[in-house]
Amino acid sequence: MARRKKIYEGKAKIMYEGPEPGTMVQYFKDDATAFNAEKKATIEGKGVLNNRLSEYFMTGMTQVGIPNHFIKRLNMREQLIRSVEIIPLEVIVRNFAAGSLSKRLGLVEGTPLPRPIVEFCYKDDALGDPLVSEEHIIAFGWATQQDLDDMIALALRVNDFMSGVMLAVGIKLVDFKIEIGRIWENDFHRLIIADEISPDSCRLWDIETGRKLDKDVFRRDLGSLSDAYTEVARRLGVLPTNVTHATKPTLIN
Ligand code: UDP
């Protein structure tokens, strides 16, 4: 592709200016980070898998009417998306206790929650993305009360959709994180799902064995992250051919 203007480079993705106003190109890198980038590695093929998996989930959401930024996949690592004004919050939905919730409240990982719980963290790496309350969000003007209601409704719809998709392939959706953005239509805005949905941002456990198929494999040194993501892609039938362990050209004698 011709030289493009880089808009932003994050830990796992790069955003480039899109071909038309209101669009961007989202490039998925192979970099994995955890614990606020204290732990880093390059996992060959991760970007390709996440590009495909995010495409799969976003396309499915479009089909059931959950608005999101995805327009189309461009190639192995890039997708065309609508540009949005990102709300500076990570929206987390939890069905079972795990990770920071387990730590905070002393709950055994895997404990079913009485109902899905939606949490918000303020997106600020320097502060370690702290958990914030609705009061904080309104008081500091990160979102309005209407935005908050819409965000919770959107997050719960994504939860129902993703839980069903995963259950169908024998995977339990423990929790996940989404990001939400505003798109402007004249003076009005509406909220749509942005960023990515992939095993980088979900906790996915095999229903039968409990095997972790998400970024905890990397965070907790539980084996091959690429094998785990490949397994998710394989079960969903979205495994691209010949790409995950990109083969080098072989010399034929
Ligand atoms: N998560 C994420 N990005 C973050 C923080 C969390 O994608 O910066 C996801 C994480 O993968 C998990 C869910 O959000 O699926 C809940 O994460 P938790 O609060 O338990 O944090 P962690 O234990 O990962 O620090």
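In this text the structure is predicted, and so the values were computed from the model without any measurement.

Conventions adopted
Residues numbered from 1 in each chain as written. Predicted model: local features only at pLDDT ≥ 70, side-chain atom pairs only at ≥ 80, totals over all residues. Heavy atoms only, no water. Near = heavy atom within 4 Å. Polar contact = N/O pair within 3.5 Å; in protein donor to acceptor, adjacent residues only side chain to side chain. Areas by Shrake-Rupley, 256 points an atom, 1.4 Å probe, with all protein chains shown as cover. Disulfide = S-S within 2.5 Å. Buried < 20%, exposed > 50% of the residue type's maximum accessible area, 1.4 Å probe, protein only. Axes fitted to C-alpha atoms, helices over the stretch in contact; angles between N-to-C directions. Helix = DSSP H or I, 4+ residues; strand = E, 2+ residues; numbered from the N terminus. Parallel < 35°, antiparallel > 145°, perpendicular 65-115°, else oblique. Left-handed = near helix turned anticlockwise from the far one by under 90°. Contact = heavy atoms within 4.5 Å. Nonpolar A, V, L, I, M, F, W, Y, C, P; charged D, E, K, R; others polar. Salt bridge = Lys/Arg side-chain N within 4 Å of Asp/Glu carboxyl O.

Draft legend 1. Here's a closer look at the site of the ligand. Every one of the 15 residues lining the ligand counts as a neighbour, but Arg94, Ser100, Asp175, Arg203 and Arg219 are closest to it. Glu90 is positioned such that a nitrogen or oxygen atom in its side chain is 3.2 Å from an oxygen atom of the ligand. In this structure, an oxygen atom belonging to the ligand sits 2.7 Å away from a side-chain N or O atom of Arg94. Look at the ligand: alone it shows 500 Å² of surface, and the protein chains cover 77% of it.

Draft legend 2. Fine view of the state of the cysteines. Applying the stated rule across the entire model yields zero disulfides. A disulfide-free cysteine, Cys121 has its sulfur positioned 15 Å from the sulfur of Cys202, the nearest such atom. By relative accessible area, which is 8% here, Cys121 ends up buried.

Draft legend 3. Expanded view of the packing of helix α1 (residues 46–63) against helix α6 (residues 225–236). Their axes nearest at 10 Å, the elements α1 and α6 cross at an angle of 30°. Regarding the angle of α1 to α6, the classification is roughly parallel. Between α1 and α6 lies a crossing of left-handed hand. On α6, the residues touching Lys46, Leu49, Asn50, Leu53, Tyr56 and Phe57 of α1 are Leu225, Ser226, Tyr229, Thr230, Val232, Ala233 and Leu236. Looking at side-chain class alone, the contact of α1 with α6 contains nine nonpolar, three polar and one charged residues.

Draft legend 4. Structural context of the pattern of salt bridges. One pass over the structure, following the stated rule, counts 29 salt bridges. Here Lys5 makes a salt bridge to Glu17, at a shortest N to O gap of 4.0 Å. Within this pair, whereas Lys5 is found in the segment before β1 (6–9), its partner Glu17 is found in strand β2 (residues 13–17), the two being separated by twelve residues in sequence. Lys5 sits in the exposed class, given a relative accessible area of 53%.

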